[in-house]
Amino acid sequence: MGRLVYTTICSLDGYVNDTSGGFDWAAPDAEVHAFVNDLERDVGTYLCGRRLYETMVFWETAPTDGSGDEVAQDYARIWKAADKVVYSRTLDSVTSARTRLERDFDPMAVARLVASSDRDVSVGGPTLAAHALRAGLVDELRLLTVPAVVGGGTRALPGGIRLDLNLVDARRFAGGTTYARYAVRRPTASTG
């Protein structure tokens, strides 16, 4: 059985983009990008909303022929090898291979997908991840925090929820980015 993981790059103050929607400050250097590639190798399916899909579909046509940046080409191969589910009420169609379009996020359908998967399922983008977090579906949070304070934008984690977490792994990169991997602690049934 796979796990549902939420991996995100965010600012020190917890935003995935700034107030103008920009995220150039979050671009990973080669060391961080290679690390993310290694994290993503275990992903068999990506779940994403329209905005993230429109950003990530670039990887569908990125070169993989060895003629450029090897770390970027490695990620393009990882992206192309995975299935994708895009949740959108406004997209008419999707343009990448191995991709299907869903109009609504159905927590029960996602739970079935994760339970039947032999690889991890990744939920991407803070809006879609908020739905999965609120539904209690996320098994792990993987936060890459860059050394920047942006003062506002889209929060990486939604307000109004409580999660108890166990720190499973942590790492600091030469450029100042940090990584923390947390397992979501599930409530245990009381015996009485």
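For the structure, check the block above.
Residues numbered from 1 in each chain as written. Predicted model: local features only at pLDDT ≥ 70, side-chain atom pairs only at ≥ 80, totals over all residues. Heavy atoms only, no water.

**Here we look at the sheet that holds strand 5 (residues 99–102)**
To keep it simple, the criterion reads: At least two DSSP bridges between two strands are needed for those strands to be called paired. Each helix is a run of H or I in the DSSP string that is no shorter than four residues. Each strand is a run of E no shorter than two, and both are numbered from the N terminus. Under this scheme, a helix contributes an axis fitted over its contacting stretch, all axes are lines through C-alpha atoms, and angles between N-to-C directions fall in the 0 to 180 degree range. When checking whether two residues touch, look at their non-hydrogen atoms; a contact exists if any pair is within 4.5 Å.
Taken in spatial order, the eight strands make up an open sheet running 5-4-3-6-1-7-10-9, and their pairing is mixed. Bordering the open sheet on either side are strand 5 and strand 9 (165–172), each of which pairs with just one other strand. Pairs of neighbouring strands in the sheet enclose a mean axial angle of 20°, with direction left out of account. Here helix 5 (residues 107–116) sits on the sheet and contacts strand 1 (4–11), strand 3 (43–49), strand 4 (83–87) and strand 6 (120–124); the angle it forms with strand 3, its principal contact strand, is near 165°. Each of strand 1, strand 3, strand 4, strand 6 and strand 7 (140–146) touches helix 6 (residues 126–134); the most contacted strand, strand 6, lies at about 120° to it.

**Looking at the nonpolar core**
One recurring pattern in soluble globular proteins is that nonpolar side chains are buried together. Quick reminder of the rule: Working definition of a nonpolar core: buried Ala, Val, Leu, Ile, Met, Phe, Trp, Tyr and Cys residues. They are joined through side-chain atoms within 4.5 Å. Here's how the labels work: a residue is buried when its accessible area is under 20% of the maximum for its type, exposed when over 50%, partly exposed in between, all with a 1.4 Å probe on protein chains only.
Among the nonpolar cores identified, the biggest contains 21 residues, and Leu 4, Tyr 6, Leu 47, Val 110, Val 123 and Val 138 are the most heavily contacted of them. Residue assignment for this core shows that the elements contributing at least two residues are strand 1, strand 4, helix 5, strand 6 and helix 6. With four residues, the top contributor of residues to this core is helix 6. Once residues lying within four places of it in the same chain are set aside, the contact partners of Val 138 are Leu 4, Tyr 6, Val 123, Ala 132, Leu 133, Val 184 and Arg 186. Counting residues in hydrophobic clusters, the runner-up holds 11 residues, among them Tyr 46, Ala 72, Tyr 75 and Ile 78.

**A few points about the pattern of salt bridges**
As a working rule, side chains carrying opposite charge can pair if their charged atoms are close by. The test is simple: Between Lys or Arg on one side and Asp or Glu on the other, a salt bridge is scored when a side-chain nitrogen of the former is within 4 Å of a carboxyl oxygen of the latter.
For the structure on display, the rule yields 15 salt bridges. The salt bridge partner of Asp 74 is Arg 41, with a shortest N-O separation of 2.6 Å. With a gap of 33 residues between them, Asp 74 in helix 4 (residues 70–81) and Arg 41 in the loop between helix 1 (30–40) and strand 3 connect regions that are remote in the sequence. The residue Arg 162 makes a salt bridge to Asp 164 at a minimum N-O spacing of 2.7 Å. A network of salt bridges, in which partner residues are shared, links Arg 3, Asp 120, Glu 140, Arg 142 and Arg 181.

**A word on the pairing of strand 6**
With five of its five residues buried, strand 6 lies for the most part within the structure. Residues Asp 120, Ser 122 and Gly 124 line one face of strand 6 and the alternating positions Val 121 and Val 123 line the opposite face, and both faces are buried. Pairing of strand 3 with strand 6, which is carried by five bridges, proceeds in the parallel orientation. Directly across from Val 43, in strand 6, lies its bridge partner Asp 120.

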